[in-house]
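So the chains spell out like this:
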Amino acid sequence: MTQALAVVLAAGKGTRMKSDLPKVLHQLAGAPMLAHVLMAAGSAGVSRAALVVGSGMDAVAEAGLSVAPDAQVFLQQEQMGTADAVKAAAPAYGSASGPVIVLYGDTPLLRPETLRAVLGELDAGADLVVIGFEAADPTGYGRLLFDDKSRLSGIREEKDATTAERALTLCNSGIMAFRSGAGLSGLIARIGNENAKREFYLTDAVALAYQDGLQTRVVLSNGEEVLGVNSRSELSVAESLMQRRLRTAAMEQGATLVAPDTVFFSFDTVVGRDVFIEPNVFFAPGVVIEDGATIRGFCHLEKCQVGAGAKVGPFARLRPGAQLAAGAQVGNFVEVKNATVAEGAKVNHLTYIGDASVGPKANIGAGTITCNYDGFAKYRTEIGAGAFVGSNSSLVAPVKIGDGAYVGSGSVISKDVPNDALALSRPKQEERLGWAEKARHERGGDKSK
Ligand code: UD1
Ligand code: MG
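Because the structure is a prediction, the values reported are computed rather than measured.

### Considering the overall build of the protein chain
Here is step 1: In terms of helices and strands, the protein chain carries ten helices and 34 strands.
Here is step 2: The globule rule puts the C-alpha radius of gyration for 449 residues at 22 Å, and the 31 Å found for the protein chain is more than 25% above it.
Here is step 3: Once the C-alpha set of the protein chain is aligned to its principal axes, its extents read approximately 105 × 50 × 40 Å.
Here is step 4: Taking as baseline every contact in the protein chain between residues at least 6 positions apart, the subset at least 24 positions apart corresponds to 42%.
Here is step 5: In the structure as shown, the protein chain presents an accessible area of about 21,400 Å², 52% of it carried by carbon and sulfur atoms.
Here is step 6: Of the charged side chains in the protein chain, 44 are positive and 48 negative; the average position of the first set lies 6 Å away from that of the second.

### Some thoughts on the packing of aromatic side chains
Here is step 1: Applying the stated criterion across every chain yields a total of six aromatic pairs.
Here is step 2: With 6.4 Å between their ring centres and 25° between their planes, phenylalanine 264 and phenylalanine 282 make a pair best called stacked. A residue pair is termed long-range when its members are at least 10 positions apart, and phenylalanine 264 in strand 13 (residues 263-264) and phenylalanine 282 in strand 16 (residues 281-283) qualify at 18 residues.
Here is step 3: Classification of phenylalanine 282 as partly exposed rests on a relative accessible area of 38%.
Here is step 4: A ring pair is formed by phenylalanine 315 and phenylalanine 333, whose centres lie 5.2 Å apart and whose planes are at 15°; its orientation type is stacked. Here phenylalanine 315, found in the loop between strand 21 (311-312) and strand 22 (316-318), pairs with phenylalanine 333, found in strand 24 (residues 329-341); they are 18 residues apart in sequence, far enough to count as distant.
Here is step 5: Feature note: the residues Phe298, Phe315 and Phe333 constitute an aromatic cluster, connected by ring pairs.
Here is step 6: Over the ring of phenylalanine 264 we find arginine 247; its NZ or CZ atom is 5.0 Å from the centre of that ring.

### Re the layout of surface pockets
Here is step 1: Space inside the largest pocket adds up to approximately 1,400 Å³.
Here is step 2: Lining the largest pocket are 42 residues, and of these Thr82, Tyr104, Asp106, Lys197 and Asn230 sit closest to its centre.
Here is step 3: Elements with a contribution of two residues or more to the lining of the largest pocket: strand 1 (5-10), helix 3 (82-88) and strand 10 (170-178).
Here is step 4: Counting residues per element, the lining of the largest pocket draws most heavily on strand 10, at four residues.
Here is step 5: Broken down by class, the residue content of the lining of the largest pocket amounts to 14 nonpolar, 18 polar and ten charged.
Here is step 6: Every residue lining the second largest pocket is counted, 21 residues in all, and those nearest its centre are Met242, Arg245, Leu246, Ala249 and Phe267.
Here is step 7: Elements that contribute at least two residues to the lining of the second largest pocket include exactly helix 1 (33-43), helix 5 (112-123), helix 9 (232-252) and strand 14 (270-271).

### Focus: the domain arrangement of the protein chain
Here is step 1: You can read the domains of the protein chain as domain 1 (5-221) and domain 2 (232-423).
Here is step 2: A straight line from the C-alpha centre of domain 1 to that of domain 2 covers 44 Å.
Here is step 3: For the pair domain 1 and domain 2, the summed buried surface comes to about 1,200 Å²; carbon and sulfur atoms form 66% of the total.
Here is step 4: On the surface where domain 1 and domain 2 come into contact, there are zero salt bridges.
Here is step 5: Here domain 1 is connected to domain 2 by five residue pairs in polar contact (both at pLDDT 80 or more).
Here is step 6: For the side of domain 1 that touches domain 2, the secondary structure elements donating two or more residues are strand 2 (27-28) and helix 1.
Here is step 7: Grouping the constituent residues of the side of domain 1 that touches domain 2 by class yields eight nonpolar, five polar and two charged.

### A few points about the environment of asparagine 363
Here is step 1: Following the sequence through the fold, asparagine 363 ends up in strand 26 (residues 363-364).
Here is step 2: Expressed as a C-alpha distance, the spacing of asparagine 363 and tyrosine 406, which sit 43 residues apart in the sequence, is 9.7 Å.
Here is step 3: Those residues in contact with asparagine 363 that sit more than four places away from it in its chain are Lys346, Ala387, Phe388 and Val389.

### Focus: the pattern of salt bridges
Here is step 1: Applying the stated rule across the entire model yields 15 salt bridges.
Here is step 2: Glutamate 113 serves as the salt-bridge partner of arginine 111, at 3.5 Å between the closest nitrogen and oxygen.
Here is step 3: The exposure class assigned to arginine 111 is partly exposed, which follows from its relative accessible area of 29%.
Here is step 4: Taking the shortest distance from any N to any O, the salt bridge between aspartate 355 and lysine 337 comes out at 3.1 Å. Remark: lysine 337 occurs in strand 24 and aspartate 355 occurs in strand 25 (residues 346-358); sequence separation between them is 18 residues. For the pair shown, aspartate 355 and lysine 337 are each scored as buried.

### So, the environment of leucine 350
Here is step 1: Summarising the element assignment, leucine 350 is placed in strand 25.
Here is step 2: Through-space distance from the C-alpha of leucine 350 to that of proline 99 is 57 Å; in sequence the pair is 251 residues apart.
Here is step 3: Ignoring sequence-local partners within four residues, the contact set of leucine 350 consists of Asn332, Phe333, Val334, Ala366, Gly367 and Thr368.

### Quick notes on helix 1
Here is step 1: Of all eleven residues making up helix 1, eight are buried, and the element is well covered by its neighbours.
Here is step 2: Restricting attention to buried positions, one finds in helix 1 the residues Met33, Leu34, Ala35, His36, Val37, Leu38, Ala40 and Ala41.
Here is step 3: Positive backbone phi, approximately 90°, marks glycine 45, located one or two places after helix 1.

### Structural notes on the side chain of glutamate 157
Here is step 1: With respect to the helices, strands and loops of the structure, glutamate 157 is situated in the loop between strand 9 (152-156) and helix 6 (163-166).
Here is step 2: One buried charged residue, glutamate 157, forms no salt bridge at all, with the nearest opposite charge on lysine 197 at 5.8 Å.
Here is step 3: Those residues in contact with glutamate 157 that lie beyond four places of it in its chain are Gly142, Tyr201 and Thr203.

The rules behind these values
Residues numbered from 1 in each chain as written. Chains lettered and ligands numbered in written order. Predicted model: local features only at pLDDT ≥ 70, side-chain atom pairs only at ≥ 80, totals over all residues. Heavy atoms only, no water. Helix = DSSP H or I, 4+ residues; strand = E, 2+ residues; numbered from the N terminus. Rg over C-alpha atoms; globule rule 2.2 N^0.38 Å. Contact = heavy atoms within 4.5 Å. Areas by Shrake-Rupley, 256 points an atom, 1.4 Å probe, with all protein chains shown as cover. Lys, Arg positive; Asp, Glu negative; His and termini not counted. Charge placed at Lys NZ, Arg CZ, Asp CG, Glu CD. Phe/Tyr/Trp six-rings, centres within 6.5 Å; stacked < 30°, edge-to-face > 60°. Buried < 20%, exposed > 50% of the residue type's maximum accessible area, 1.4 Å probe, protein only. Lys NZ or Arg CZ within 6 Å of the ring centre and 35° of its normal. 1 Å grid on protein atoms, 1.4 Å probe; cavity = no way out; pocket = protein on both sides within 12 Å on 5 of 7 lines; lining within 4 Å. Points joined across faces, edges and corners; volume = space filled by probe spheres on them. Nonpolar A, V, L, I, M, F, W, Y, C, P; charged D, E, K, R; others polar. Domains from an automatic or database assignment. Buried area = accessible area lost by both parts, 1.4 Å probe. Salt bridge = Lys/Arg side-chain N within 4 Å of Asp/Glu carboxyl O. Polar contact = N/O pair within 3.5 Å; in protein donor to acceptor, adjacent residues only side chain to side chain.

Next comes the structure, spelled out in structure tokens:
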């Protein structure tokens, strides 16, 4: 079969979102809805995409191109219906012989398996395939109509339906595929707008194809994956369904989630085998957790990598560019940004490691801060292998702590420390014997005794 093309409709403004952001750019699991649709098409082997946007939607085009760089973008000036929207992309399929699948940019839960089933039907001889679903409440959807031989004969839009037709519950998801671009062009050319909404309905293509004696078929999906998002509350429903999928996938790959409902993944989170995730963890995009790592409760991770067997948290924040090697430990109230923590190194308590490298088996004491920013620029801190940084030290970057070096607690280190040296920068301690006793006496006795 020649390469399939996905025509993704995204010209709708999405007024019900009450947002300055075009609807399809609202996010689900860290990626715009539109990106999910394009990714699903890509994983189903539909590598070509045509995106239909409305005027002033440059951001939509940009977001689409960032996922599908070869996509062609088409403008639909005025929204005159789904057939008109598909027509706007005609230059991408025009007289082509390959299949065309029409997708909606606001249907982010569509699974590649279902798209593959649609392509399979085309392969097996269908000319037009509609993804249908059984709706608990069919209000607002187009109803699928069948002839007495159970062949799909048309789709009736809600506003044009008779009472009997309205009682039907098998609905059109909106997703439709056509054997060839040329065939689609021919059908669209014959679609008019004599209907309740005065719109050009793509759904009219079904009756036309059926009357031409073409093979029209339905692929059934569950209602969940064709859920269209029109409002913020529908977005939250889609998010929770997406999270459920991502949690299940992580567990199927061999991760333990103690309380799955409290762990939030991004679309691209990679979780290895025997990873252990405690409750209340948030994975923003770009996170890779390697085999056997433990993420304890209340951590926030973004664009970072956690090596095999490493331990993170509880209450740790890994920001972009944090890379923990195998067996590294990052403990409670520790923030790591743009920094590597090498094998077996420990950063266990109340610390900020930013723009830094921590050498293998180094030990970073509680309250250590890499002072990486002077208000103008960022500088690096390099901590050598096996170095020991005492608690409550400030490492003023740019600065290097040598391999095996010691930094005394409470030091402010602003010069490089050679390998195996001890660096101390704190006032010398003095003791005044009997001073306290005398002070108490002068102030009228010891209140604690
Ligand atoms: C459409 C289907 C209906 C189906 C339902 C599923 C038609 C005529 N009806 O109805 O059978 O049950 O979806 O949700 O196709 N769009 C454009 N330009 C336009 C019009 C629409 O880009 O001129 C885009 C919208 O942004 C949206 C999609 O196409 O992503 C569907 O349009 P919408 O107006 O929501 O169609 P429905 O009335 O819901
Ligand atoms: Mg709709």
